Structure formats: C-alpha cells, structure tokens
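Residue strings, one per chain:
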Amino acid sequence: MTAQARADLRTNNNVVSRERLLGPVSRWRRHGEPTLGGSAPDIDNGVFGPGSLAWEVLLHPATIVFQSAAQFILQLTYKPVFAGVRDNDPISKKARAGTLSLFDVFDRGQRNSGIHAPMWLGDMDTARRVSGHLIRIHEKVKGDLIDVGTPELGGYEANSPRESTWAALTEMHTMLWVYERLAFRNFRLPKRLPDDMRDAYIREVKEYCRLFPHREEDLPNSMAELRALYERDAKLFGGTQTIKIIPETGQDFLLLWHESVKKNYHPSQFRVKIQLFFQEKLLKLPAWGAVSGKTRRNSGITAEKEKRILIAKALMMPIVWLVQQGPIERYFMRMMWGPDSVKLIKEARKLHAAAKARMRQTELA
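Residues numbered from 1 in each chain as written. Predicted model: local features only at pLDDT ≥ 70, side-chain atom pairs only at ≥ 80, totals over all residues. Heavy atoms only, no water.

(A) Geometry of the overall build of the protein chain. What the protein chain contains, in helices and strands, is 18 helices and 2 strands. Its C-alpha atoms put the protein chain at 65 × 55 × 45 Å along the principal axes. The buried share of the protein chain, reckoned over its 365 residues, is 52%. In the protein chain, 74% of the contacts between residues at least 6 apart in sequence involve partners at least 24 apart. Here the protein chain carries 56 positive and 41 negative side-chain charges, and the mean point of each set is 6 Å from the other. (Helix = DSSP H or I, 4+ residues; strand = E, 2+ residues; numbered from the N terminus. Buried < 20%, exposed > 50% of the residue type's maximum accessible area, 1.4 Å probe, protein only. Contact = heavy atoms within 4.5 Å. Lys, Arg positive; Asp, Glu negative; His and termini not counted. Charge placed at Lys NZ, Arg CZ, Asp CG, Glu CD.)

What follows is the structure in structure tokens.
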C-alpha cells in the first residue's frame, strides 16, 4: 500500500485497499486461535470430527465456494432471522445512520463462514468458546414484531430455542444441498446421498444444535423429522412486502441500505464490486438452483424465473466444476473463510482422509 493510499484510508473509511479486502486474521478470529478437532491424541474430535458425514460435506470444495451464498438464501426466508438483521444488525444501524458502504455489506457476508468454521472443525473447547461468543453478541437481537404487516406472528429473540435451533439447522441443511447438487465427487456429477446417510447427517447436526439454546424434543433425528419441523413452522418462512419495514421507525430497511451504499461509494470499492459479482451473481445462480423449490418460492421466485434458474444451473455445471478446482477454490477459501479456516480446512482434510481409509480397512477386514 502506498503512503497516499494509507493516508486516504485514515481519512476516508470508504477507501478499500486490496489488503483491507482480504482482511487480517482478527476479522474472523474470536477468543483465540482455534484448535483442530482430533489433531492430537489428547485433543477431542469436537462436534463432528474426522470420518464424520458432516466433515465429508463441509470439507468438499463445492461447500467451501458455495456455502455462504446458499445459506443466506435459506436463512433470509426465515422471517425472524430477516427481522433480526433488519432491526439489530450493524449493517442496519449503519444504513439508518447513512454510513453503510459497499465494503460493509461485503464484510458482513465475508465473515460468515470463517467465524463458524471453528465450531464445525475445532475441538469442543474451541466450539464452546465460539458458540458462547455468538450467544453473547445475539443477546440484544430481539424485537416485538417480526413483520408489521402480520403482527399475529409475534416477536423474535435470537437466543430463544426456536430461533437458535433454526439458525443452526439452516446452516447445516444448505451445506447438504450444496454437496448433493453441486459437488463433483470422483469426477462424477453431483448426486443425492442415500436416505440412510442423509438421516445419519441430520443426527450429527443435532450435536451442533446443542451448542446453542434449544429444546431437546425439537432436535431432529432424520430428514423426515426435519421436514416435519419445517411444516410446523411454515408460517415463519417466506417473504412479504412489509417485512422490510423497521417497526421502530417505519423506514424501508432495503431502501435505506441501497441509498447509503450509493452515497458512500468510492472508486476503490470497484474491487469490492468484482468480488460481489462472484458471490451475488455468478455463484449465486447455481446456489439458487441448489436450494429446494420451496425455498425458492419462499424467496419470491416465480415459476417462470425458477425454470430459468434450473436451466442456467444445468448449463453452468462446467463452471461449477471449475470453481471447485485447487487454485480457484483456494482463492475463495482465503477470501471468504479467512486465514484460520484455511489452516483448519487444510489439516482437517488430511485427518478426514486418514479416518476414511481406516474405516475402509475395517470394512474389508
């Protein structure tokens, strides 16, 4: 970075250098460096561990590249999550103050996977430290109205068993969708896992849900039980014209967002535009094709647009394969998951491969 660029950055927070775009380790790290689960004889496996279905899914290059895009599609159809972002997220507060920039929007999405990865790949101490941090920062994320247009839905509270369980389930469910619908395995086209493996994956996810406030009776043991939970809470999924209205002020959250981003644009943010093109345009299209049809409908996708999405996904499969290859995957891993997660993923893949080899040997014995 030149001396002039450093001076600009000190006086104008909207200036974005390449170094700022990549971000330091502190952008993702919470409560110390994470410890990889199962990385030494005296270190436990954590929530999942080597050889687990969860590691098989989340360590795949397709998950590394597409996880965040797919997760946001599903999670933002869960009305309490959208309401929490609308009312309490820093991007909402900055939008209301008129200080939100394009970099702030990117930074919010950039931190998503890398902050969660230590819970998925770390030992139990790491998982509990990070989950405890997330619980603490969500203490104030609550409100009396999910949607001013449907007050009968009531309010929301991020740390309630309902909201925290759905946050965990939607994170993990989108990773399964990405793995089944976008992940090339052994040079073969993506395919759905057998029913028994899908059920086993959900039972592993149950352990992750236990890191957060939950009701034990709500934690699913199979895909059938997860589908039943979706049906039970169907009224909480979807979108309306009024959910974007901030109850406290009556302002349109999305309009404030776009107006502030436009006001605070700086030419150096063009590099942010390029990255957002990949995340919100190029990669988002296959992600839209990977989520369920019900999720697309809950997002307001019409039947005609859904048809175009599925055709585009099929036509883009060569690109989907390409972005899963080494150099490109490593670029997205560093950009969106951060330095700690790059290290965790690299070492976890070695442990996972060794665990699978041992399992195969046991089966043959």
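(B) Spatial organisation of the side chain of His133. Locating His133 in the fold gives a position in helix 8 (residues 124–137). By relative accessible area, His133 is classed as buried at 15%. Apart from residues no more than four positions distant in its own chain, His133 is found in contact with Arg30 and His31.

(C) Just the packing of aromatic side chains, in detail. Under the defined criterion, the tally for this structure stands at 13 aromatic pairs. Centre to centre, the rings of Trp120 and Trp337 are 6.1 Å apart; their planes meet at 65 degrees, and the pair counts as edge-to-face. Within this pair, whereas Trp120 is found in helix 7 (residues 102–121), its partner Trp337 is found in helix 18 (residues 326–364), the two being separated by 217 residues in sequence. Per residue, the accessibility class of Trp120 equals that of Trp337, and both read buried. Each member of the aromatic cluster is reached from another via a ring pair, and the members are Tyr78, Trp166, Tyr230 and Phe237. Seen from the ring of Tyr179, Arg185 lies directly overhead, with NZ or CZ sitting 4.2 Å from the centre. (Phe/Tyr/Trp six-rings, centres within 6.5 Å; stacked < 30°, edge-to-face > 60°. Lys NZ or Arg CZ within 6 Å of the ring centre and 35° of its normal.)

(D) Local environment of the packing of helix 7 against helix 13 (residues 270–282). Interhelical geometry of helix 7 versus helix 13 gives an angle of 40 degrees and a closest axis separation of 10 Å. Taken together, helix 7 and helix 13 sit at an angle that is classed as oblique. Remark: the crossing between helix 7 and helix 13 carries left-handed chirality. Across the interface between the two elements, Leu102, Phe103 and Phe106 of helix 7 pack against Val272, Lys273, Gln275 and Leu276 of helix 13. (Axes fitted to C-alpha atoms, helices over the stretch in contact; angles between N-to-C directions. Parallel < 35°, antiparallel > 145°, perpendicular 65-115°, else oblique. Left-handed = near helix turned anticlockwise from the far one by under 90°.)

(E) Representation of the packing of helix 13 against helix 18 within the structure. As a packed pair, helix 13 and helix 18 sit with axes 13 Å apart at the nearest point and diverge in direction by 105 degrees. By the criterion of interaxial angle, the relationship of helix 13 to helix 18 is roughly perpendicular. When helix 13 is examined against helix 18, the residues Gln275, Phe278 and Gln279 are found in contact with a partner set consisting of Tyr331, Phe332, Met335 and Met336. A class-by-class count of the residues in the contact of helix 13 with helix 18 yields 5 nonpolar, 2 polar and no charged. (Nonpolar A, V, L, I, M, F, W, Y, C, P; charged D, E, K, R; others polar.)

(F) Representation of the nonpolar core in the model. One finds Trp120, Leu121, Tyr201 and Tyr208 to be the most contacted residues of the largest nonpolar core, which totals 99 residues. In this structure Tyr208 touches Val47, Phe48, His116, Met119, Trp120, Ala168, Glu171 and Met172, once residues within four positions along its chain are discounted. (Core = buried A, V, L, I, M, F, W, Y, C linked by side-chain atoms within 4.5 Å.)

(G) Structural context of unusual backbone geometry. Unusually for a residue other than glycine, His31 sits at a positive phi of about 60 degrees. Within the secondary structure layout, His31 lies in the loop between helix 2 (18–22) and helix 3 (53–58). According to the relative accessible area criterion, His31 is partly exposed, its value standing at 43%.

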